[in-house]
Amino acid sequence: MRGEGVLKKTSTKTNQSVEKVFQIIEVMASNKGPIKLQEVSQKLGLPASTVLRFLKTMMLSGYVNQDPETQKYSLSMKFCHIGYLVSCQISIRNVIRPYLVELADRCQESACLAIDQDMMVVYVDVVDGPDNMLKTMQRIGKRAPLHSTGVGKALLIDYSNHEIEHMIKERGLTPLTPHTITTKEDLIAELEKIRKKGYAIDDEECEIGARCVAAPIWDYTGRVVAGISVSGPVSRMNIEKIEYVQTIIKEIASKASQKLGYKVEA
């Protein structure tokens, strides 16, 4: 029993130390350049001696550099290599899948995950709703225009005006239904609304008889890397249902984004 008590106490101490290390790393990573020991100490409210001990250890491991002239510290490129290895292992589809299942279950409609590939929407995962509506709509691997789909417009909010002009030049704004956006001015105005509201709507713009609500997913770089959407027939996706779905999809998109390392602004 005494042995177990010692083990638990040691584990707690170790965990606290690891937490402090990560706090130091985050402070250094968020700084715009090399940082002084005292600055790290002040920002974290930790004794300078404690911070120095951790920095020395990270220097020995090759994760931190110190400028001999300014004495300031900075993270090494070793973190870039670690980040690259992690990104190679992570599949957005695998990470987002549980959120997609939750979305379809709570909304009782079909849910999709899509990415932007070559300025086109590519559907990479689907969870069918009660009537399997997506058998005639989005399927895994199917491509669709950005401008005429809810999830496509959610992806477009990360585009600059120059990138939007390039997309229009390369892909055009082909009308798929009488409701499709077909001018640059209308598209830019629509994207501004989406940025403010946090979600996009496809009101029979891609297919007559179907409506869609979509939201962007952000990663740790602050970029939109995917979008999720809920689709259903216009008979069910009325104003009340859209209002209900938009609340849920924004909540789930936020949780999924945080899972990918995105920091939600307070």
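See the structure shown above.
The following paragraphs examine the structure supplied in this document. Small disclaimer: the values here were computed from a predicted structure and weren't measured.

## Quick look at the overall build of the protein chain
Argument step 1. Within the protein chain, the secondary structure is distributed over 9 helices and 8 strands.
Argument step 2. Burial analysis of the protein chain (266 residues in total) assigns 40% to the buried set.
Argument step 3. Here the protein chain has roughly 15000 Å² of accessible surface; of this, 54% comes from carbon and sulfur atoms.

## Overview of the state of the cysteines
Argument step 1. What the rule picks out here adds up to 0 disulfides.
Argument step 2. Cys-112 supplies the cysteine sulfur nearest to Cys-212, a cysteine that is in no disulfide, at a spacing of 7.5 Å.

## A word on the sheet that holds strand E6 (residues 200-203)
Backbone-to-backbone hydrogen bonds join strands into a sheet, with any given pair of strands oriented parallel or antiparallel.
Argument step 1. Pairing in this open sheet of 6 strands is antiparallel, and the strands run E5-E4-E3-E8-E7-E6 from one edge to the other. Of all the strands in the sheet, just strand E5 (143-144) and E6 have a single pairing partner and so form its edges.
Argument step 2. Across the sheet, helix H5 (residues 92-107) is in contact with strand E3 (110-117), strand E4 (120-127), strand E7 (210-218) and strand E8 (224-233); its angle to E4 comes to roughly 65 degrees.

## Looking at the packing of aromatic side chains
Argument step 1. Under the counting rule described, the total for this entry stands at 2 aromatic pairs.
Argument step 2. Look at Trp-218 and Tyr-262: their rings are 5.7 Å apart centre to centre, the planes differ by 20 degrees, and that puts the pair in the stacked class. One end of the pair, Trp-218, is in strand E7; the other, Tyr-262, is in the segment after helix H9 (239-259), and 44 residues separate them in sequence.
Argument step 3. The ring of Tyr-63 carries the charged tip of Lys-78 above its face, separated from the ring centre by 4.5 Å.
Argument step 4. Directly above the aromatic system of Tyr-199 lies the positively charged group of Lys-197, at a separation of 4.8 Å from the ring centroid.

Parameters at a glance
- Residues numbered from 1 in each chain as written.
- Predicted model: local features only at pLDDT ≥ 70, side-chain atom pairs only at ≥ 80, totals over all residues.
- Heavy atoms only, no water.
- Helix = DSSP H or I, 4+ residues; strand = E, 2+ residues; numbered from the N terminus.
- Buried < 20%, exposed > 50% of the residue type's maximum accessible area, 1.4 Å probe, protein only.
- Areas by Shrake-Rupley, 256 points an atom, 1.4 Å probe, with all protein chains shown as cover.
- Disulfide = S-S within 2.5 Å.
- Pairing = 2+ DSSP bridges.
- Contact = heavy atoms within 4.5 Å.
- Axes fitted to C-alpha atoms, helices over the stretch in contact; angles between N-to-C directions.
- Phe/Tyr/Trp six-rings, centres within 6.5 Å; stacked < 30°, edge-to-face > 60°.
- Lys NZ or Arg CZ within 6 Å of the ring centre and 35° of its normal.

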